[in-house]
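# An overview of the molecular structure
Residues per chain, in single letters:
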Amino acid sequence: MRFLSFAILVFLFLTLGSNEIQAANEEQFITIVNPVRISSYTSDVTQSLKLQYSVISKNNLPATWLFTYDVLSNKHALSFVKSMDKKQEFGIFLEVTPALANEAGIVYHNTGSWHHANSVFLSGYTQEERVKLIGTVFKKFKERFGYYPTSVGSWWTDAFSLSYMKDKYGITANLGVADQFSTDGYQVWGQYWSTPYYPSVYHAGIPASSLDVKLDVVTLQWAPRDLLNGYYSSLYSTQDYHTKGLGIDFFEKLINLYGLKNKNEFGQITVGLEGDFTPEAYQGEFSKQMSVVKNLFQDGDFNVLTMKQFSNWYRTKFPDLSPPHQIESKDLLGKNVEVAWYQSPKYRIGILYDYEKQKTKIFDLRSYHKDLQEPYFISPNREFELSIYVPSYFDEINYYKDIWELDLNTEVKFLPEKILIKEKLKDIPEVLKENKSLEVKKEEGFIEIIPREKWIVPGGGVAIRDFSAEAIHFFGQKKALFLLMTGLGWQYFQKVSYIIPQGEMDALLRLSRESKGKVLVVDMECLQCSYHTEYRHPAFDNRRGYVKRFSKQPIVYNSSVFNAKDKDEAKKKFQKTKAKYIYLVKFEDNIEKLPFSPGDFGVEKIFENANAE
């Protein structure tokens, strides 16, 4: 009888233990995604596809394949794609090409390089053009497969386009690039660190902070990066680690870092390789990576799901907002430090525990708000580069002084709605205490840092009233008084509305926190510049007083610095102004630039985003 009881107990223990392990495995995911394009690197897209698929097939793995319009138009490639096994998922890679633009009936932005941001991404085109481009590629996909896809991706797909595709075609999964500060001219900086989330309907780079702005599409991140080294260089990722001389073990470390559940409700990592390389590329590192994935899957540690499958699981498991997610690790390269990222729909924070210096360093902190709006939501991007920068309080890679150092033993707690720090109120940096997007207060021995629901200014920006350029020109005439006396020109006393975008307000508020000094602004008009917002930008009419108003710094107008024939002349002109700062505006067609590099002027860049520098 005793033996029977013991046997029953052992059976129950093994059964329950097995179920717990199985439950954990069901919440640990690897997603393989292979974007396929035809580019200058592609010698034969069909042959590349065959060899890449042979690696997937040999390892008996499911994968998501995202095709550009050009691939969907290639009959030989599509003939092979249709021979793939039923485990494979097909979707759209949303890159704009001349063929897609031509079929959609819009003008392609031929900038001399296909990968310039304003050429290749939907955000480089107007909202009306985006709708036509999306409709054209979705139509082509349905012609080829008989249905609309649920998974899409690109290195940046704006919130307007994602919302349109969700409403029109029912997409549920989106692939975007993991945070990178400047790689390939594409900046995406401020998302959940390398983990999935529900984006905001106004900003694809932030998680929805409330249900009324939630986009019910799961964003997965391409090329997840090392928690610490990947912050300073995007090459420490699942894609490019080997360029740093790191072996396949580094790839496996990243899979375990993100794919294992650890302290979270799930773990997930996206791996894969682009499909426009030469065929030989898929027999090397990619083959090794898929062998690692196969072994981890066969060992029972992970489930391998397509984008669609993972999105279905995520949306069922988390029907409301994205869950908080914390990732922490000792340095993967062996330094005597530990790093942690914590993110929730309210904020993200990156924190380093340095045991050599006996310091804790907060090197990244930004809050998420329901009214944050990405810079290309309405206005198309007119630059070669992409600049998606979520407003920050600390950001060491943007500017090396933007950090907060604490003693190593300072207690820091992360909660979904707030951060608790065992610190004196007087020691809290001004950027936190004085910021209207946060509530900072003392409570039970801790400083509480609580993000507010809304950001400092609304998503549409700040509307101001000022005289128009026509009014200034009218009043500048010698005969203005005479004309007024004859009844002409009185309409110019009526001020007009201008708009300062949200991103530029972020730059101006940062400038207001800098030490006092003159700010050099460009003394030029751009009366022919186009715009898609309700109002023009004041810089179009050379109305620069708002810079002084919001930065709280004196300004000096100047055109000679920007018209100088050589760098020596430009530097002399600049020094003559006695300005401490140079402020440049970027708004659609009006992109103000220094005529030479900052070093030629003896200055350094302290901030830049999509709307100002």
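Anything mentioned here points back to the structure above.
Small disclaimer: the values here were computed from a predicted structure and weren't measured. (Residues numbered from 1 in each chain as written. Predicted model: local features only at pLDDT ≥ 70, side-chain atom pairs only at ≥ 80, totals over all residues. Heavy atoms only, no water.)

## Comments concerning unusual backbone geometry
Of note in the backbone geometry, K552 takes a positive phi value of approximately 60 degrees without being a glycine. Residue K552 is classed as exposed on the basis of its relative accessible area, which comes to 58%. Its identity as a non-glycine residue notwithstanding, E588 has a phi of 50 degrees, on the positive side. Considering the arrangement of structural elements, one finds E588 in the loop between β26 (586–587) and β27 (590–591). (Buried < 20%, exposed > 50% of the residue type's maximum accessible area, 1.4 Å probe, protein only. Helix = DSSP H or I, 4+ residues; strand = E, 2+ residues; numbered from the N terminus.)

## Some words on the packing of aromatic side chains
Tallying each qualifying case throughout the model produces 49 aromatic pairs. For the ring pair F310 and W313, a centre distance of 5.9 Å and an interplane angle of 25 degrees mean the geometry is stacked. One end of the pair, F310, and the other, W313, are both in helix α12 (residues 307–317), 3 residues apart, so they sit about a helical turn from each other. Residue F310 shares its accessibility class with W313, and that shared class is buried. Between the NZ or CZ atom of K214 and the centre of the ring of Y198, over which it lies, the distance is 4.1 Å. The ring centre of Y389 lies 5.2 Å from the NZ or CZ of R366, which sits over that ring. (Phe/Tyr/Trp six-rings, centres within 6.5 Å; stacked < 30°, edge-to-face > 60°. Lys NZ or Arg CZ within 6 Å of the ring centre and 35° of its normal.)

## Digging into the side chain of N118
For N118, the position within the fold is in helix α6 (residues 117–120). What makes N118 buried here is its relative accessible area of 7%. Once residues within four sequence positions are removed from consideration, N118 is found in contact with H109, T111, G124, Y125, N381, R382, E383 and F384. (Contact = heavy atoms within 4.5 Å.)

## Looking at empty space enclosed by the protein
Over the atoms rolls a probe the size of a water molecule, and its path tells where empty space is left. Following the criterion strictly, the structure yields 4 cavities of 30 Å³ or more and no others. Taken as a whole, the largest cavity encloses approximately 90 Å³ of empty space. Contributing to the lining of the largest cavity are S367, P391, S392, Y393, N435, W455, I456, D506, L509, R510 and R513. Counting residues per element, the lining of the largest cavity draws most heavily on helix α16 (residues 502–512), which supplies 3 residues. (1 Å grid on protein atoms, 1.4 Å probe; cavity = no way out; pocket = protein on both sides within 12 Å on 5 of 7 lines; lining within 4 Å. Points joined across faces, edges and corners; volume = space filled by probe spheres on them.)

## Side note on the state of the cysteines
Tallied over the entire structure, the rule returns 1 disulfide. The side chain of C526 participates in a disulfide bridge whose partner is C529; the two sulfur atoms lie 1.6 Å from each other. One quick way to see it: the torsion about the S-S bond of C526 and C529 is about 50 degrees, and its sign makes the bridge right-handed. Since its relative accessible area comes to 16%, C526 is described here as buried. By relative accessible area, C529 is classed as buried at 9%. (Disulfide = S-S within 2.5 Å.)

## Some thoughts on the side chain of N381
Assignment of secondary structure puts N381 in the loop between β13 (359–367) and β14 (386–389). Residue class for N381 comes out buried when judged on its relative accessible area of 2%. Among the polar contacts made by the side chain of N381, one reaches the main-chain carbonyl oxygen of E385 at a distance of 3.0 Å. The residues touching N381, leaving out its near neighbours within four places in the chain, are A117, N118, S123, G124, Y376 and L386. (Polar contact = N/O pair within 3.5 Å; in protein donor to acceptor, adjacent residues only side chain to side chain.)

## Notes on the pattern of salt bridges
On inspection of all chains with the given rule, the structure shows 36 salt bridges. A salt bridge links E383 to K593; its shortest N-O distance comes to 3.7 Å. Highlighted residues: E383 in the loop between β13 and β14 and K593 in the loop between β27 and α19 (598–601), separated in sequence by 210 residues. Residue K593 is classed as exposed on the basis of its relative accessible area of 52%. Across the pair K441 and E439 runs a salt bridge whose closest N-O atoms are separated by 3.9 Å. (Salt bridge = Lys/Arg side-chain N within 4 Å of Asp/Glu carboxyl O.)

## Brief notes about the nonpolar core
Residues L49, W65, F67 and Y583 are the most contacted members of the largest nonpolar core, which totals 146 residues. Beyond its immediate stretch of four places on either side in the chain, W65 contacts N34, V36, L49, Q52, Y53, I56, M84, Q88, E89, F90 and G91. (Core = buried A, V, L, I, M, F, W, Y, C linked by side-chain atoms within 4.5 Å.)

## Observations regarding the environment of P451
Secondary-structure assignment places P451 in strand β20 (residues 446–451). The class of P451 is buried, set by a relative accessible area of 12%. C-alpha separation for the pair P451 and D407, spaced 44 residues apart in sequence, amounts to 24 Å. When neighbours within four sequence positions are excluded, P451 is seen to be in contact with K346, Y347, S367, H369, E417, S437 and L438.

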